[in-house]
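Overview (structure and organization)
Spelled out from the first residue to the last, the chains are:
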Amino acid sequence: MNLNTYKYFNEVAAAGSIRRAADRLHVAPSAISRQIALLEHSLGIMLIERSNTGIQLTPAGMMLERYTRKMVRDLDRIHEAIRNLKGLRQGEVKIWVIEAVVQAILPRIMTEFNETYPAIKFSINTESSDRTIEAIINDEIDIGIVFNLGNRPSVEVIKQCPAPVQCLVAPGHPLARHQSVSLEEICSYPIALPVSSFGLRQTFDKVIRALHLVPQSIVNTNNLELTKAMAIAGRTLTIGPQLIATKEIEHNLLRAIPIDNEAMVSATIEICVHRDRSLSFAAHHFLKLVCREFN
């Protein structure tokens, strides 16, 4: 049994499946199964329970995963630091972002970064702000980009960028020619909204509760492309920073109308890392590029 045993175990715990973990690690599923069986034999207790849908950690498995997660991540960072000293510049950047950032910003940054560091790979997920913050705290990722973070003691905000929430409507919508709209007007029309784990939705809900408003929500989804598509169809509106609809606005499919509310106007996007953990060489340099892009 070696340190790879714990790495395999942690990857299985994260993936929820031995086969998916094997794909991520580029090893045979049987090799992972053998290492986990060896680990269970060494500890004298079952760590995972197998089923047709994947695996679940036992209470002992959950305890082991919690205590070894940081060890495995630190080992990866040590290996990368040694490779960097040898001039290989290899590694992986793990970044989770709100959906708005993926198409608008990341492809350009990753292309530029790859020209200088072609051996470095990226693992990119679009996730809600809540899930991304959880991943930062649990040391699952290097960098997170979230919406309206709030106060999270374990999370350090590297850069905060203005991202006013606007009303997004089709050109033929009754609100399309308004210079600004109120939340009362927004709530009087059918609206497509992201689910409550999104920072955008949390900001919206907090404000309308304070104003005792009830929106005519007809769609709740974790896909911002769907909320935009509903708005483009004409009858429904949606909300979000203009960043999420840059292309649609350029092609006159949507219009962005300022919302007359201080909380909406002052909304922000935050670039975050864990407060107490050092970034790898690759993640540190990629973070600098991301921050520069948000200038």
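Conventions used here
Residues numbered from 1 in each chain as written. Predicted model: local features only at pLDDT ≥ 70, side-chain atom pairs only at ≥ 80, totals over all residues. Heavy atoms only, no water. Pairing = 2+ DSSP bridges. Helix = DSSP H or I, 4+ residues; strand = E, 2+ residues; numbered from the N terminus. Axes fitted to C-alpha atoms, helices over the stretch in contact; angles between N-to-C directions. Contact = heavy atoms within 4.5 Å.

1. Digging into the sheet that holds strand S11 (residues 255–258)
- Taken in spatial order, the three strands line up as S10-S7-S11 in an open sheet, and their pairing is antiparallel. If you trace the sheet from one side to the other, it starts and ends with strand S10 (238–241) and S11, each paired once. For this sheet, the mean inter-axis angle between neighbouring strands, taken without regard to orientation, is 45°.
- Two strands pair when backbone bridges link them, and strand S7 (residues 165–169) and S11 are joined in this way by four bridges, in the antiparallel orientation. In the strand pairing of S11, Cys-167 is matched with Ile-257.

2. Observations regarding the environment of Glu-49
- Turning to its location among the elements, Glu-49 is positioned in strand S1 (residues 48–51).
- When the C-alpha positions of Glu-49 and Thr-227 are compared, they lie 39 Å apart, and in sequence the two are 178 residues distant.
- Dropping the residues within four chain positions of it, Glu-49 is found in contact with Gly-54, Ile-55, Gln-56 and Thr-58.

3. Thoughts on the sheet that holds strand S3 (residues 91–97)
- Read from one edge of the open sheet, five strands run S4-S3-S5-S12-S6, paired in mixed fashion. Of all the strands in the sheet, the pair left with one neighbour each is strand S4 (120–126) and strand S6 (155–162). Averaged over all pairs of adjacent strands, the angle between strand axes in this sheet comes to 20°, irrespective of strand direction.
- Taken strand by strand, helix H7 (residues 129–137) contacts S3, strand S5 (143–147), S6 and strand S12 (268–274), and its axis lies near 150° from that of S5.

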